[in-house]
Amino acid sequence: MRTSTASSLDLFFVTIFVLGTVISVCNGGGHGAGESKKNGGYHGAGLKMNFYHKTCPKVEEIGCDASLLLDPKSKEADKVEKEARPNLSLLEKDCPETVSCADIVALAARDAVSFQYNRDIWKVQTGRRDGRVSLESEATDNLPSASSNFTTLQQLFARKGLNVIDLVALSGAHTIGIARCGVISRRLFNFTGKGDTDPSLDPSYANILKSQCSNTGNIVEMDPKSSISFDSHYFKNLNQHKGLFQSDASLLTNFFSARLVKKLQNGNKFFAMFGKSIKKMGAMEVLTGNDGEIRKQCSVINP
């Protein structure tokens, strides 16, 4: 794996794991001014399984741990994985200028979720190219807020070619991760501007969150008691009106979506549906073929 800065990449998930991040697919760096979609398009043309089987056949054996992307927190901090002598070359040594940063992150996201089960939860098609343009506006235009209602979520997903099944399944990514209290502060303390709490939130859960969120900078689990395990627990909590965000709770306001939430409480059904939807999302708006580049260093475009 080549050296890179995690914050500079379009992380495939979430990573993570907020609904807004989920819809912002890892497309290799964005399609800002001057970027072409003609080869990748919206349907993942050019992506396929085992894309590197000739040019870098051991790409997945060499390593794809996202922790390797992390930079040190400060000059005084302990050295991170990428600074270890055995890691100074890694993938770039074996397969120079061959594997894109976009594909590395896509593979790392799959592995980060799948490792606890010792099997791939979904298959990753490869062949992405890295983009040369990164625009803040592309994120703000496409990312729904944590307070989004169902109509807003459905419209934003539809714009990307994703349906309600995809919306519900991918929302299950909230089974992992944390959020800052500032994101849910209004929902807890001033929902309608009268110092009230969102009535759709389970009262006992709301009280727990209030005690944890005395400061907006505090953090809370997105899936209480299961925030480090990728499982269907999120849907069980949601059906008990314990979804952390308004966007989570909104999934229960639509008849079809609410039925899916109940169905996905079954772990096997969730994994199967999530795998299909994440594969579909992973093929959205990608750069392939002659578009983009293969970055030598993931944090900067090639000179």
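Calculation criteria
- Residues numbered from 1 in each chain as written.
- Predicted model: local features only at pLDDT ≥ 70, side-chain atom pairs only at ≥ 80, totals over all residues.
- Heavy atoms only, no water.
- UniProt positions renumbered as here; feature names shortened; annotations may be inferred.
- Helix = DSSP H or I, 4+ residues; strand = E, 2+ residues; numbered from the N terminus.
- Contact = heavy atoms within 4.5 Å.
- Areas by Shrake-Rupley, 256 points an atom, 1.4 Å probe, with all protein chains shown as cover.
- Buried < 20%, exposed > 50% of the residue type's maximum accessible area, 1.4 Å probe, protein only.
- Disulfide = S-S within 2.5 Å.
- Core = buried A, V, L, I, M, F, W, Y, C linked by side-chain atoms within 4.5 Å.
- Phe/Tyr/Trp six-rings, centres within 6.5 Å; stacked < 30°, edge-to-face > 60°.
- Polar contact = N/O pair within 3.5 Å; in protein donor to acceptor, adjacent residues only side chain to side chain.
- Expected span 1.5 Å × (residues − 1).

Taking an unreviewed UniProt entry as the reference, the chain is identified by name as Peroxidase belonging to Macleaya cordata. Per its UniProt entry, the chain bears the Subcellular location (unreviewed entry) comment "Secreted". Listed under Catalytic activity (unreviewed entry) in UniProt, the entry text for the chain is "2 a phenolic donor + H2O2 = 2 a phenolic radical donor + 2 H2O".

**Q** Can you break down the overall build of the chain residue by residue, with the values?
**A** Counting its secondary structure elements, the chain contains 13 helices and two strands. Of the contacts made within the chain by residues no fewer than 6 positions apart, 75% connect residues no fewer than 24 positions apart. If you sum the accessible surface of the chain, you get close to 15000 Å²; carbon and sulfur atoms cover 51% of it.

**Q** Can you lay out the UniProt feature "binding site: heme b" (unreviewed entry) in the chain for me, pointing to particular residues and giving the numbers?
**A** Under the present numbering, the feature "binding site: heme b" (unreviewed entry) in UniProt falls on His174. With respect to the element layout, histidine 174 can be found in the loop between α7 (164–171) and β1 (178–180). Residue classification places histidine 174 among the buried residues on the basis of a relative accessible area of 1%.

**Q** If you had to explain unusual backbone geometry to someone new, which residues and values would you point to?
**A** With glycine set apart, most residues show a phi of negative sign, and most peptide bonds adopt trans. Unusually for a residue other than glycine, glutamate 97 sits at a positive phi of about 50°. With respect to the helices, strands and loops of the structure, glutamate 97 is situated in the loop between α3 (91–94) and α4 (101–114). Non-glycine residue histidine 241 carries a positive phi angle of around 60°. Along the chain, histidine 241 turns up in the loop between α10 (233–239) and α11 (246–249).

**Q** Explain the state of the cysteines residue by residue, including any values.
**A** Here the structure, examined in full by the defined rule, presents three disulfides. At a sulfur-sulfur separation of 1.9 Å, the disulfide partner of cysteine 56 is cysteine 95. Of note, the bridge from cysteine 56 to cysteine 95 carries an S-S torsion of about 80° and is right-handed in sense. Here cysteine 56 is found in the loop between α1 (19–23) and α2 (59–62), whereas its partner cysteine 95 is found in the loop between α3 and α4, with 39 residues between them in sequence. Residue classification places cysteine 56 among the buried positions, given a relative accessible area of 1%. Between the sulfur atoms of cysteine 101 and its disulfide partner cysteine 298 the distance amounts to 2.0 Å. Taking the sign of the torsion about the S-S bond as the criterion, the disulfide between cysteine 101 and cysteine 298, at about -95°, is left-handed. One end of the pair, cysteine 101, is in helix α4; the other, cysteine 298, is in the segment after α13 (267–281), and 197 residues separate them in sequence. Note on accessibility: cysteine 101 and cysteine 298 belong to one class, buried.

**Q** So, the nonpolar core: which residues are in play, and what are the values?
**A** Within soluble globular proteins, side chains that are nonpolar generally end up buried alongside one another. If you look at the biggest cluster of nonpolar residues, it comprises 32 residues, and the most contacted ones within it are Val168, Phe230, Leu251 and Phe274. Elements represented by at least two residues in this core include exactly α4, α6 (150–159), α7, α10, α12 (255–263) and α13. Residue contributions to this core peak at six residues, all from α13. Ignoring anything within four residues of it in the chain, the contact list for phenylalanine 230 reads Val113, Gln116, Tyr117, Ile121, Thr175, Ile176, Phe270, Phe271 and Phe274.

**Q** An account of the packing of aromatic side chains is requested, with residue identities and associated values reported.
**A** Tallied over the entire structure, the rule returns 10 aromatic pairs. Aromatic side chains phenylalanine 230 and phenylalanine 271 sit 5.9 Å apart centroid to centroid with 15° between the ring planes, which places their arrangement in the stacked category. Of the two residues, phenylalanine 230 sits in the loop between β2 (219–221) and α10 while phenylalanine 271 sits in helix α13, which places them 41 residues apart along the sequence. Looking at phenylalanine 230, the relative accessible area reads 0%, which means it is buried. By relative accessible area, which is 11% here, phenylalanine 271 ends up buried. Aromatic pair phenylalanine 270 and phenylalanine 271: ring centres 5.8 Å apart, planes at 45°, arrangement tilted. As far as the burial class goes, phenylalanine 270 and phenylalanine 271 line up, both buried. Here a set of aromatic residues connected by ring pairs shows up, and it is made of Tyr117, Trp122, Phe230, Tyr234, Phe235, Phe270, Phe271 and Phe274.

**Q** An account of the side chain of aspartate 130 is needed here, citing residue identities and associated values.
**A** Structurally, aspartate 130 is set in the loop between α4 and α5 (136–142). A distance of 3.0 Å separates the side chain of aspartate 130 from the backbone nitrogen of cysteine 101, its partner in a polar contact.

**Q** Break down α4 for me, with residues and values.
**A** Its 14 residues give α4 an end-to-end C-alpha distance of 20 Å, which sits within 8% of 20 Å, the value for a rise of 1.5 Å per residue. Counting buried positions along α4 gives 12 out of 14 residues, so the element sits mostly inside the fold.

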